[in-house]
Amino acid sequence: MNVGKQLKEGLISQNPVLIQLLGMCSTLAITTSVANGIGMGLSVTIILTLSNIFISLLRKIIPDQVRIAAYIVVIAGFVTMVDLILQAYFEELAESLGVFIPLIVVNCIILARAESFASKHRPLAAAVDGICQGLGYTLVLVVMSAIRELLGAGTLNGVEVFPSEYAVQMLALPVGGFLTLGCLIALTQWARSKTGQGGK
């Protein structure tokens with residue numbers, strides 16, 4: 001297990017959003033405020049890590065024919081727990097994220113890591129993978145949220161930075177999510193081409 005390599009993959013070379021293009025639905029929908037980005041990112045990281053550990057523990061028991069269904073049951077259990085905790089202790093955040101918390105059950109990032117990593121590695125390595133991939137996802141959400149909230153509303157985490165009449169309000173709309181994500185993906189691909197990683 002190489003923690004440094006897994007962290008680099010999660011944050012940069014195999015970032016789930018910018019490189020693997022997974023989890024697009026929630027990435028585009030909830031990145032209108034920094035609070036949403038942090039809340040969703042941490043929720044996915046917790047669920048991804050716990051699911052990876054549990055699936056890794058059961059990897060030799062789950063029959064191959066029903067593995068995807070079994071993964072979904074495991075993920076759904078952790079999603080329900082996180083959803084109930086958010087509703088109990090972070091009611092405003094839970095209301096803001098809405099249906100996108102229950103939809104984590106079918107989030108491609110979690111299913112992909114369960115299939116490609118957790119089902120083939122020991123629990124500790126699976127846990128590290130979950131944390132690293134979750135951090136990569138959270139980083140992209142926070143960056144996108146900060147850009148969209150700052151330029152689209154003139155605020156950062158709810159604090160006014162400049163008057164809203166100078167904001168590009170289009171960035172707070174759904175099209176702003178597509179534009180911001182497109183720019184971040186283009187910037188990532190440009191940086192990878194400059195460092196010789198573009199084809200890897």
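For clarity, every value in this text was computed on a predicted model and none was experimentally measured.

Draft legend 1. How the structure looks around helix H6 (residues 108–116). Every buried residue of H6 is accounted for by Ile109, Ile110, Arg113 and Ala114. All buried residues of H6 lie within an arc of 130° about the axis, which places them on one face of the element. Between a side-chain oxygen at the N-terminus of H6 and the backbone nitrogen of Ile109 the separation is 2.9 Å; the capping residue is Asn107.

Draft legend 2. Seen up close, the nonpolar core. Membership of the largest hydrophobic core comes to 35 residues, with the highest contact counts inside it found for Met40, Ile47, Ile104, Ile110 and Tyr137. Going through the elements one at a time, helix H2 (24–30), helix H3 (34–57), helix H4 (67–89), helix H5 (91–97), H6, helix H7 (123–153) and helix H8 (174–194) are the ones with two or more residues in this core. Per element, the largest residue contribution to this core is seven residues, and it comes from H4. Among residues more than four places away in sequence, those in contact with Ile110 are Val44, Ile47, Leu48, Ser51, Ile75 and Ile104.

Draft legend 3. Highlighting a nonpolar patch on the surface. A surface patch of nonpolar side chains, about 420 Å² in accessible area, is lined by Ile38, Leu42, Ile46, Leu50 and Met81. Mapping Leu42 onto the fold places it in helix H3.

Draft legend 4. Quick peek at the packing of aromatic side chains. Using the criterion set out here, one finds one aromatic pair in the structure. On the numbers, 6.1 Å between centres and 80° between planes, the contact of Phe54 with Phe78 is edge-to-face. Taken together, the positions of Phe54 in helix H3 and Phe78 in helix H4 put the pair 24 residues apart, joining distant regions of the chain.

Draft legend 5. Region of interest: unusual backbone geometry. For Leu21, which is not glycine, the phi torsion reads 55° and is therefore positive. The residue Leu21 is located in the loop between helix H1 (3–13) and H2 in this model. A relative accessible area of 46% places Leu21 in the partly exposed class. Although it is not a glycine, Asn157 adopts a positive phi angle of roughly 55°. Here Asn157 shows up in the loop between strand S1 (155–156) and strand S2 (159–160). Here Asn157 falls in the partly exposed class, since its relative accessible area comes to 47%.

Draft legend 6. Up close: the side chain of Thr155. With respect to the helices, strands and loops of the structure, Thr155 is situated in strand S1. Not counting residues up to four positions away in its chain, the partners in contact with Thr155 are Glu149, Leu150, Glu160 and Val161.

Scoring rules and cut-offs
- Residues numbered from 1 in each chain as written.
- Predicted model: local features only at pLDDT ≥ 70, side-chain atom pairs only at ≥ 80, totals over all residues.
- Heavy atoms only, no water.
- Buried < 20%, exposed > 50% of the residue type's maximum accessible area, 1.4 Å probe, protein only.
- Helix = DSSP H or I, 4+ residues; strand = E, 2+ residues; numbered from the N terminus.
- Arc of directions from axis to C-beta.
- Polar contact = N/O pair within 3.5 Å; in protein donor to acceptor, adjacent residues only side chain to side chain.
- Core = buried A, V, L, I, M, F, W, Y, C linked by side-chain atoms within 4.5 Å.
- Contact = heavy atoms within 4.5 Å.
- Patch = residues over 30% accessible without salt bridge, like charges linked within 9 Å, V, L, I, M, F, W, Y side chains within 5 Å.
- Areas by Shrake-Rupley, 256 points an atom, 1.4 Å probe, with all protein chains shown as cover.
- Salt bridge = Lys/Arg side-chain N within 4 Å of Asp/Glu carboxyl O.
- Phe/Tyr/Trp six-rings, centres within 6.5 Å; stacked < 30°, edge-to-face > 60°.

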